[in-house]
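Listed below are the residues making up each chain.
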Amino acid sequence: MNRRLAVSAALLAVVAGVAPATAAQAAPAVSAEAAQNAGSGLPAPDLEALQAALQNTLAAGAPGAMARISGVDGVQTKTAGVRDKVSGAAMDTDARFRIGSVTKTFSSVVLLQLVAEKKIELDQPVNHYLPGLLPDDRITVRHLMTHRSGLSDYTNAMFNNTVPGFEAVRNKVFGYQELVQLSLNEPRTGEPGAAYSYSNTNFVVVGMLIEKATGNPVVKEYDRRIIKPLKLRNTSYVHPDTKIKGLHANGYLHPDEAGAPLVDSTEQTVSWAQSAGAMISSAADLNTFTSALVTGRLLPPQLLDQMLTMTPTDATNTRFYGLGLRRYDLSCGTSVYGHTGTVQGFYTYAFSTRDGKRSLAAMANTSNRGSANTALGGTLEAAFCGKKPVKANARGFAATSPATTPAPAPAPAEVDLPERHAR
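Residues numbered from 1 in each chain as written. Predicted model: local features only at pLDDT ≥ 70, side-chain atom pairs only at ≥ 80, totals over all residues. Heavy atoms only, no water.

Novice: So what about helix H14 (residues 378–385)? Which residues, and what values?
Specialist: H14 sits mainly inside the fold: eight of its eight residues count as buried. Listed in full, the buried residues belonging to H14 are Gly378, Thr379, Leu380, Glu381, Ala382, Ala383, Phe384 and Cys385. The positive-phi residue at the C-terminal boundary of H14 is Gly386, with phi of around 70 degrees. (Buried < 20%, exposed > 50% of the residue type's maximum accessible area, 1.4 Å probe, protein only. Helix = DSSP H or I, 4+ residues; strand = E, 2+ residues; numbered from the N terminus.)

Novice: Give a description of the pairing of strand S11 (residues 346–353) that names residues and reports values.
Specialist: Counted residue by residue, S11 has eight buried out of eight residues, so it is predominantly covered. Burial along S11 is two-sided: the face carrying Phe346, Thr348, Ala350 and Ser352 and the face carrying Tyr347, Tyr349, Phe351 and Thr353 are both buried. For strand S10 (residues 335–343) and S11, the ladder comprises eight bridges, and the chain directions are antiparallel. Following the sheet pairing, Thr342 is matched in S11 by Tyr347. A loop of two residues connects S10 with S11, the two strands running antiparallel in sequence, and Gly345 in this loop sits at a positive phi of about 100 degrees. Two strands pair when backbone bridges link them, and S11 and strand S12 (residues 358–364) are joined in this way by six bridges, in the antiparallel orientation. When the sheet's bridge partners are listed, Ser352 is paired in S12 with Ser359. Connecting S11 to the antiparallel partner S12 that follows it, the hairpin turn spans four residues, and Gly356 within it adopts a positive phi of roughly 75 degrees. (Pairing = 2+ DSSP bridges.)

Novice: Describe helix H2 (residues 47–59), with residues and values.
Specialist: The first and last C-alpha atoms of H2 sit 18 Å apart over 13 residues, in line with the 18 Å expected at 1.5 Å per residue. Among the residues of H2, Ala49, Leu50, Ala53, Leu54 and Thr57 are the ones counted as buried. Projection of H2 onto a plane perpendicular to its axis shows the buried side chains occupying an angular sector of 145 degrees, all on one side. Relative to its buried face, H2 has exposed residues pointing more than 90 degrees away, namely Glu48 and Ala59. Taking the backbone nitrogen of Glu48 as reference, a side-chain oxygen 3.2 Å away marks Asp46 as the first, capping residue of H2. (Expected span 1.5 Å × (residues − 1). Arc of directions from axis to C-beta. Polar contact = N/O pair within 3.5 Å; in protein donor to acceptor, adjacent residues only side chain to side chain.)

Novice: Provide a residue-level description of the state of the cysteines, including the pertinent values.
Specialist: Applying the stated criterion to the full structure yields one disulfide. What pairs with Cys332 in a disulfide is Cys385, and their sulfur atoms sit 2.0 Å apart. With the S-S dihedral at roughly -70 degrees, the linkage between Cys332 and Cys385 falls on the left-handed side. On the criterion of sequence distance, the pair formed by Cys332 in the loop between strand S9 (326–329) and S10 and Cys385 in helix H14 is long-range, its members being 53 residues apart. (Disulfide = S-S within 2.5 Å.)

Novice: Explain unusual backbone geometry to me, and be specific about the residues and the numbers.
Specialist: Most of the time, phi is negative for any residue but glycine, and the peptide bond is trans. Omega for the bond connecting His239 with Pro240 falls within 30 degrees of zero, at 10 degrees, which places this linkage in the cis form. Residue position: Pro240 is located in the loop between helix H10 (218–227) and strand S4 (252–253). Positive phi, normally seen in glycine, also occurs at Gln274, with a value near 50 degrees. Position of Gln274 among the secondary structure elements: in the loop between strand S5 (263–264) and strand S6 (280–282). Overall, Gln274 belongs to the buried group, its relative accessible area being 4%.

Have a look at this one:
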């Protein structure tokens, strides 16, 4: 049975990535079958709450935000604010944007397809395929995909000073080995397999494994295994090019110093992330991708089940991680599967119900602003849980005024990159 979050419809902080409390590590894995919810029969999305979540995201410092819901009842969209501060162009749900760590799920699909083709084994040491890369032969491919390798996240030091760190790498082109070495220069976070600790290093190594097993750059494997089969016309991996082609949202990075002007971070190589976070997509394509994934269009059943087998990432028992995939358990008992993304100037949520019958993609064009990330997370409750029931008063009549008991404060957003300006 799903554990529930008690949260308001307009502002849910179910978001992704910080290292969990130790107590959560001992919790047993939860199988995909045990966690599966019936996506059919979900209440209609609460579009007022969806709009409110976007407005809350603007109030927290994002120039613009959008959400797109697709499902058996068609497509519903909401926008707020602007996609370009200079021109004043309104946010547009057709716009492309950088999806950050949602890239990890694309990389996971490719790697698991290689497992199905018997080119990689999940429980083999990474060094079996990439001899001498890592200092510990116990680190397996599965450890990478579940963020339990113990490899330090090199972005913590890289972006310790947010804007200077970004500007230092905005146009830089890294090799995979360089990024791995940056991680190895830092202390390990733990023993292999012991504890969940989110690290971009893990999925840099996943990219290396993909290229070693196929002999091709990751872009070719994304294209032929996911993008072309699903007809994702607005999804691309352009590294090391810096531009987002066509209609797109500009990204705006908050400096660490309160009150400092936003930095337009749209154009960058994202070479510091590569297979961990460099993809570009659109809300419609993300709806298609997450729905196709959970319904078995990309992976054979046994590997999809492994991908969906989750362990808790924090002490709330409402946030989980599988193989490059997150699960959130919402207040209405519905579980949703997908990933969050953070890259300079963009926050992304891309989630579907287990049966793929409803999907949400939401984006705000800012980052290093935790409160905006948290506010954007409110789109999940609105999209999948619908309107909250009206509370009855002591005589059983519907309440005509808001309940006097305040709604629980939203939990802080989890992050896929270090954030210094959380207000």
